[in-house]
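The lines below spell out each chain.
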Amino acid sequence: MTLPDFSLRNQTTVIFAMVLLLLGGIWGYFRLGKLEDPVFTVKTAMVMTVYPGASPHEVEQQVTRPIEEAVQGTDEVYKVRSESRAGLSLVYVDLNEWIRSDDLQQLWDMLRRKVTAVQSQLPDGALPSEVMDDYGDVYGLFMALSADGYSLAELKEYADYIRRELMLVPDVERITFYGIQPEVVTVDVSRAKCASLGISPTRIASMLQAQNTMAPAGAMDVGSLRVRIQPSGAFASVDEIGALVIQGEGDEQVLLKDLATITREYLDPAEPMMRFNGKAAIGIAASAADGANVVTMGEAVNARLGELMAGLPVGIELNKVYYQSDFVKDKIKGFMINLAESVAIVIGVLLVTMGLRSGLIIAANLVLSIMGTFLVMLVWGIDVQKISLAALILVMGMIVDNAIVVADAGLVNLQKGMTRLDAIAEPTRQSAVPLLGATVIACLAFFPNYMAPTNTGEFCASLFQVVAIALMFSWLLAMSQTPVFCYRFLTVPEGKGGEDLHAGAPYRLYKRLLNKALRHRLVTLGLMVGLLVLAGAGMGMVEKRFFADADTAQFVVDYRRPEGSRIDMVSEDLKIAESFVLNMEGVTGVATCVGQGPPRFMNAVNPEPKMANYGQLIINVDDYRKISAMMDELAEWFAINLPGGEPHITKYISGPKADYRVEARFTGPDPAVLRSLAEQARAVMADTPNAINITDDWRERSLVWEALYAQNKGRRAGVERTDLARDLLGGTDGVTVTSYREHDELIPVKVVYSSPDQTDFSALPVWGISDAGVPVAQVTEGSDFFWEDPVIRRYNRRRVIRAQCDPAGTMTSDTLLQKIRPRVEAIPLPAGYTREWEGEYELSTESNEGLNAFLPVSLVAMVMILVGLFNGIRQPLMIITILPLALVGMAAGLLIFGQPFGFLAVLGAYSLIGMMIKNAVVLIDLIDEDIRGGKDPLAAVKEASVNRMRPVMMASVTTIFGMIPLIFDVMFVSMAVTIMVGLAFATVLTLVVIPVLYTLFFKIRTDEMPGEVAS
């Protein structure tokens, strides 16, 4: 028994199941996770190794290279990137994009074992490497805690209190701080007093360590008790540090406070700092647990913060820098409005074109399909986010295709006078397999996106999932709910029975067009070829863009001073910029991060490592449409007011983001040659109109002062090179010797003996094995300044430099690349050097390659289904022949609407192919059926084409109109235009070209035109 027969015989059961499906869908929607973007795992870990005192070159050779060699030897590793700075190695391990999130933890554990194994190969003095597999974690709630009249240390106490309380909120997984200014106890030693008493600072440091070190003292037996023994004397306050007794020469003793000035202060140079709207602040960033409903979590955090802030002193403020749940609520609200509009539009079109009863029957199929989709999404773990909701809008018109075919055929049979049961059951039964095949084919059009082994594929995976769920539900309901509802509610309007069903003006117009096309088949096909050639030329005029700009009401300014700049100079520059930005119309808030990028608060943000010359402005605005004008105004202001800095002003995009949109990557062994190649590429970019933000990622060379240690002098004075380095550190930044414990805080204690002249260290005393210090000049042969590369970058174990730029205004990166590329590729490369293109070009290329990787699988599956449906080869060949016609409408739509052809437009093209195949299947199946029923072949071609005109046209019209809400979404407009205009052209062409091809493939004569359909 077929599903339609079962449904018509068990109508009460079917109706009861529909009620359950409706209620289940409503229940499921409210329990679905809510996100702004799909869950997108950053498959990158960072291995950080500190190597104090080493130059960037020494870090590269002695630390970075061994770690790179250790971690790259696995199939799962896609590429290894690294940057070596003075005293610091950062190695980024990028896994292959086809690896899914569930396997990551096991791979990170394997990475840890490899890094642990290589530790024995690292030089003495290098600290243990730290594998940071949370590098890709997203802290979707980013807030700034500020206050008037409170120090940062006091503010830190309130921040700790807020963190403890928020960690108790359900679904909050982790909270981190940004902008904490560590306190230190500075012991500023008087060199003169130490020299007069014969006390070296090294002795002071040793006594501080010995006095404050925790050491076990055992336990003693007292009767039946075991009593722990503890010596006193650990520092309990700063005053006790000053009361430390220092042993001088002989029996003389002196208190530390008599030799040094002891102060509790903030670390200098400062650690990364933060401000909000010009006030000093501490950043509080919270991440959600896996699978959490971000909206629910954000609301719970909001509610708890409301309670906490009410109990804090007046003047303490907590402002939102980026609050994902608010963005999600706004986005979900907007998408749900779009979804409701799409449903209303489709239902309206159905009611107007199909009549009230038929329209309502098909609309019921639409609503129930959506409810069933929500229920399966809950089971499958698919969240409500912009990709899944866009998929629902995309599939809106396609959902009703099956129901339209069933309802239209039933209505036609009723008008012919057939009994109600036969009129409904017969066409449903006959069309079940063809419609199932066509539905599966439509799903397969999106399958390459789901299987694409790239981050972009993972980002858009829910597109296929939702489309497949919705379309399969639509078929199941078309075979069950639709025939039951047709049987119960479908009627022929009074006086309509037995009349010509195809006598209307649209049918007459189509019949005339079809007759002419069949009389002049070669002319018709020649016209199609001509249109195809024009479409190909038109696609060459369409701009290419990876992803569209996002509609987030926020943008960022990355600001850099020359390498070697002090962090306080960057901070002062950005204070000036803050004042200007806060007075710009439409700006609602500005967060300033200095010295390091903020935590990753959204997927598109890559946190910058700690750099004293770096800062970032995060600017919130009231309307994202104002951002482009603001960016132009800011760029002009920076050029005039802060010409010594390098601002990089960017907005977010709707998908994966490159650091710069156009990047030329040069690899090779010699830094000087690499810099020369990058300089030549930058010159080409500077000479190209509309290229802005021109730079390279090695930046400027930085200045180094080198004390030329003389071994003969040093040995004679008992001063080793390490002694010289230690005391130079003591004379500048200070030497951390111990920690002062205060509650749960460890406050470093630093010994400093500052030189009054930071540019002349020749008189700075240095101590070796003797308590008598000698001047630096006595153990050196002078000093020298030289320039060094402050950072050495590597890519897959080779040195790499990138020349970078962005397009200005509305120009796409592809357009700019086409202008730059020939001249950059004309730069001669020495032997052993390579040149490749990064930026959006690489992202787009990799994404499209990933998408195309499984396209053959989908195409083969589609062809197999087509061959199985028709049990022949000619019908599938016909369908394949018409697919290029999709290009005609695509090119016209993109050019008319001025939209670029990007990744989502490619997805739109794939879905368009699926829709065309589905329409062709419906038409060809009826032609075959009529011919098998004994009709004259030419008459069967014509009558079947006319009979299928309304279902095919209705399927296309509902899809086109249902896509209208996506026209107004900046992310999906190119996909919407591709499908809407492409399908409009393709449907008309399909209804004409398929009959022509059928007569040619099956050698049906059309010159005598037997059985001509009257016009």
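Residues numbered from 1 in each chain as written. Predicted model: local features only at pLDDT ≥ 70, side-chain atom pairs only at ≥ 80, totals over all residues. Heavy atoms only, no water.

You'll find the chain entered in an unreviewed UniProt entry as Multidrug efflux pump subunit AcrB, with Desulfoluna spongiiphila given as the organism.

**Notes on the overall build of the chain**
Of regular secondary structure, the chain possesses 33 helices and 30 strands. Seen through its C-alpha atoms, the chain measures out along the principal axes to roughly 125 × 75 × 55 Å. For the chain, the exposed surface amounts to about 42400 Å²; the carbon and sulfur share of it is 57%. When the 87 basic and 114 acidic side-chain charges of the chain are each reduced to a single mean position, those positions are 8 Å apart. (Helix = DSSP H or I, 4+ residues; strand = E, 2+ residues; numbered from the N terminus. Areas by Shrake-Rupley, 256 points an atom, 1.4 Å probe, with all protein chains shown as cover. Lys, Arg positive; Asp, Glu negative; His and termini not counted. Charge placed at Lys NZ, Arg CZ, Asp CG, Glu CD.)

**Digging into the nonpolar core**
Residues Leu366, Phe374, Leu394, Leu904 and Phe972 are the most contacted members of the largest nonpolar core, which totals 150 residues. Residues within four places of leucine 366 in sequence aside, it is in contact with Val343, Val346, Ile347, Met396, Ile399 and Val400. Formed by 37 residues, the second largest nonpolar core is a distinct cluster that contains Leu208, Leu728, Val737 and Tyr740. (Core = buried A, V, L, I, M, F, W, Y, C linked by side-chain atoms within 4.5 Å. Buried < 20%, exposed > 50% of the residue type's maximum accessible area, 1.4 Å probe, protein only. Contact = heavy atoms within 4.5 Å.)

**Overview of the packing of aromatic side chains**
All chains considered together, the criterion is met by 14 aromatic pairs. Between tyrosine 29 and phenylalanine 30, the ring centres sit 5.3 Å apart and the planes meet at 75°, which makes this aromatic pair edge-to-face. Counting every residue linked through ring pairs, the aromatic cluster contains Tyr559, Phe580, Trp637 and Phe638. Geometry around tyrosine 135 places arginine 600 over its ring, the cationic atom sitting 5.0 Å from the centre. (Phe/Tyr/Trp six-rings, centres within 6.5 Å; stacked < 30°, edge-to-face > 60°. Lys NZ or Arg CZ within 6 Å of the ring centre and 35° of its normal.)

**A closer look at the environment of serine 55**
Within the secondary structure, serine 55 sits in the loop between β1 (44-50) and α3 (56-71). Considered as a pair, serine 55 and proline 790 are 735 residues apart in the sequence and their alpha carbons are 8.5 Å apart. Each residue touching serine 55, except ones within four places of it in the same chain, is listed here: Arg85, Ala86 and Glu788.

**Some details on helix α25 (residues 721-730)**
Within the sequence span of α25, burial applies to Asp723, Leu724, Asp727, Leu728 and Gly730. When α25 is viewed along its axis, its buried side chains cluster within an angular range of 155° and face the same direction. For α25, exposure combined with an orientation more than 90 degrees from the buried face picks out Arg721 and Thr722. Tucked inside the fold, the buried residues of α25 contact β22 (702-709), β23 (735-742), β24 (745-752), β25 (765-766) and β27 (780-788). (Arc of directions from axis to C-beta.)

**Notes on the domain arrangement of the chain**
One can read the domain layout of the chain as domain 1 (1-31 + 355-491), domain 2 (43-136), domain 3 (139-182 + 278-342), domain 4 (183-213 + 234-266 + 702-788) and domain 5 (511-541 + 872-1009). Of the residues lining the interface, 6 residues belong to domain 1; the matching set on domain 2 comes to 5 residues. Considering only the surface of domain 1 that becomes buried against domain 2, Pro453, Asn455 and Glu458 emerge as the three largest contributors, covering 78% of it. Applying the counting rule to domain 1 against domain 2 returns 0 salt bridges. (Domains from an automatic or database assignment. Buried area = accessible area lost by both parts, 1.4 Å probe. Salt bridge = Lys/Arg side-chain N within 4 Å of Asp/Glu carboxyl O.)

**A short note on the packing of helix α5 (residues 152-166) against helix α10 (residues 294-310)**
At a minimum axis distance of 11 Å, the contact between α5 and α10 shows a crossing angle of 140°. It follows from the interaxial angle that α5 and α10 lie oblique. For the pair α5 and α10, the sense of crossing is right-handed. Here Tyr161, Ile162, Glu165 and Leu166 of α5 lie close against α10, whose contacting residues are Val301, Arg304, Leu305, Leu308 and Met309. Here the contact of α5 with α10 is built from residues that sort into 7 nonpolar, no polar and 2 charged. (Axes fitted to C-alpha atoms, helices over the stretch in contact; angles between N-to-C directions. Parallel < 35°, antiparallel > 145°, perpendicular 65-115°, else oblique. Left-handed = near helix turned anticlockwise from the far one by under 90°. Nonpolar A, V, L, I, M, F, W, Y, C, P; charged D, E, K, R; others polar.)

**Notes on a nonpolar patch on the surface**
A surface patch of nonpolar side chains, about 520 Å² in accessible area, is lined by Val19, Leu22, Leu23, Ile26, Phe30 and Val367. Positionally, isoleucine 26 belongs in helix α2 (residues 11-29). Look at isoleucine 26 and you get partly exposed, because its relative accessible area is 40%. (Patch = residues over 30% accessible without salt bridge, like charges linked within 9 Å, V, L, I, M, F, W, Y side chains within 5 Å.)

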